[in-house]
Amino acid sequence: MATIAFIGLGNMGNPMAANLVKAGHRVQGFDLMPENVSIARDNGVIAEADAPGAVDGAEVVITMLPAGKHVLDVYEEIAPTAAKGTLLIDCSTVDVESARKAHAIAAKHGMPSIDAPVSGGTAGASAGTLTFMAGGSDEAFALAEPVLQPMAGKVVHCGAAGAGQAAKICNNMILGVSMIAVGEAFVLAERLGLSHQALFDVASISSGQCWSLTTYCPVPGPVPTSPANRDYRPGFAAALMLKDLMLAQEAAKGSGAVTPLGKAAADLYDAFNENGHGSEDFSAIIRYLRDRAR
Ligand code: NAD
């Protein structure tokens, strides 16, 4: 069993760290928010006063932070004191450029590193069924895979440094676009006098089938576990969907890819957030579409 530093004990980080504790690892945690540290302590994490303290004596460092700048700040802070050979795993969702910079900091200090963003949300984090999308060398991936297993349903090696983040933003661009498409279809069905259940029964076994429909249906009823059945409490907040769609747009601009539907989805979620809905589940976009119908 390993000593693992876990930095960033928020909605995702805390249940992930708890699963590492359950797997028998010694987990040394740090977060800027005392209330999150206190939850971690209750889960068996050893609370440390700062990031270098958490990294002291650790063979592995996992970060689960809001954005690229937080990851780079923490990497700069811990790199001088972490032991050479310490494995750095960043599970945050960040832009591809920051991910590559983080790998460069690690390499400069003789530490193997992996970008390993996740899909599966807070439910997957609690259940230990997250999908990890990893980017980095074969050697670093081989070291990281067993560490990730207690938190994972699946761990996929997507390629070199930054490839995990690339996979994550491409996947979430599909998700944002498909949720809007499913929402539009239900709003049109309502206008045409077609019941939610009838559209679901047909589309869920026809060519309109997709995760946004069959697992995360944006109207109450057909999929009892979807956020629509609990007044769109997240789940996956609309503000986080906007973040990922903006990362996709940044990446598209930087790489010259043409993503007109990704752009339209980013614009719609931007307007949805501007209208004060950022803390609702992202599937609540259907209410915004419905409200705009004449
Ligand atoms: P969160 O805001 O709940 O947690 C982030 C934590 O990082 C906070 O507790 C904050 O205090 C801490 N933090 C910030 N800067 C820090 C620093 N310098 N040192 C120590 N701690 C610091 O966010 P979350 O929902 O846990 O998401 C974390 C990451 O996972 C994000 O990049 C997000 O996009 C991604 N993600 C979230 C979900 C989800 O459903 N919530 C799903 C997939 C991916």
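Use the structure listed above.
Residues numbered from 1 in each chain as written. Predicted model: local features only at pLDDT ≥ 70, side-chain atom pairs only at ≥ 80, totals over all residues. Heavy atoms only, no water.

1. Some points on helix α1 (residues 13–22)
Rules: Using a 1.4 Å probe on the protein chains alone, a residue whose accessible area is under 20% of its type maximum counts as buried, one over 50% counts as exposed, and one in between counts as partly exposed. Every helix listed is a DSSP run of H or I at least four residues long, and every strand listed is a run of E at least two residues long, numbered separately from the N terminus.
Most of α1 sits out of view: eight of its 10 residues are buried. Among the residues of α1, those classed as buried are Gly13, Asn14, Pro15, Met16, Ala17, Ala18, Asn19 and Leu20. Of the residues one or two after α1, Gly24 is the one with positive phi, at around 100 degrees.

2. Some remarks on the pattern of salt bridges
Here the idea is simple: oppositely charged side chains can pair when their charged atoms come close. Inclusion rule: Salt-bridge detection follows one rule: a side-chain nitrogen of Lys or Arg within 4 Å of a carboxyl oxygen of Asp or Glu.
Taken as a whole and judged by the stated rule, the model has five salt bridges. Glu190 serves as the salt-bridge partner of Arg290, at 2.8 Å between the closest nitrogen and oxygen. Placement of the pair is Arg290 in helix α13 (residues 285–292) and Glu190 in helix α8 (residues 163–191), with a sequence separation of 100 residues. Overall, the relative accessible area of 29% leaves Glu190 in the partly exposed class. When salt bridges that share partners are traced, they join Asp231, Glu280 and Arg287 into one network.

3. Describing a nonpolar patch on the surface
As a reminder of what qualifies: Note that patches include only residues with greater than 30% relative accessible area and no salt bridge, and the join distances are 9 Å for like charges and 5 Å for nonpolar side chains (Val, Leu, Ile, Met, Phe, Trp, Tyr). Note that accessible areas follow from Shrake-Rupley with a 1.4 Å probe, and for residues the cover is restricted to the protein chains shown.
Taken together, the side chains of Leu188, Leu192 and Leu194 present a nonpolar region at the surface, about 310 Å² in accessible area. Checked against the element boundaries, Leu192 lands in the loop between α8 and α9 (196–203). A relative accessible area of 66% places Leu192 in the exposed class.

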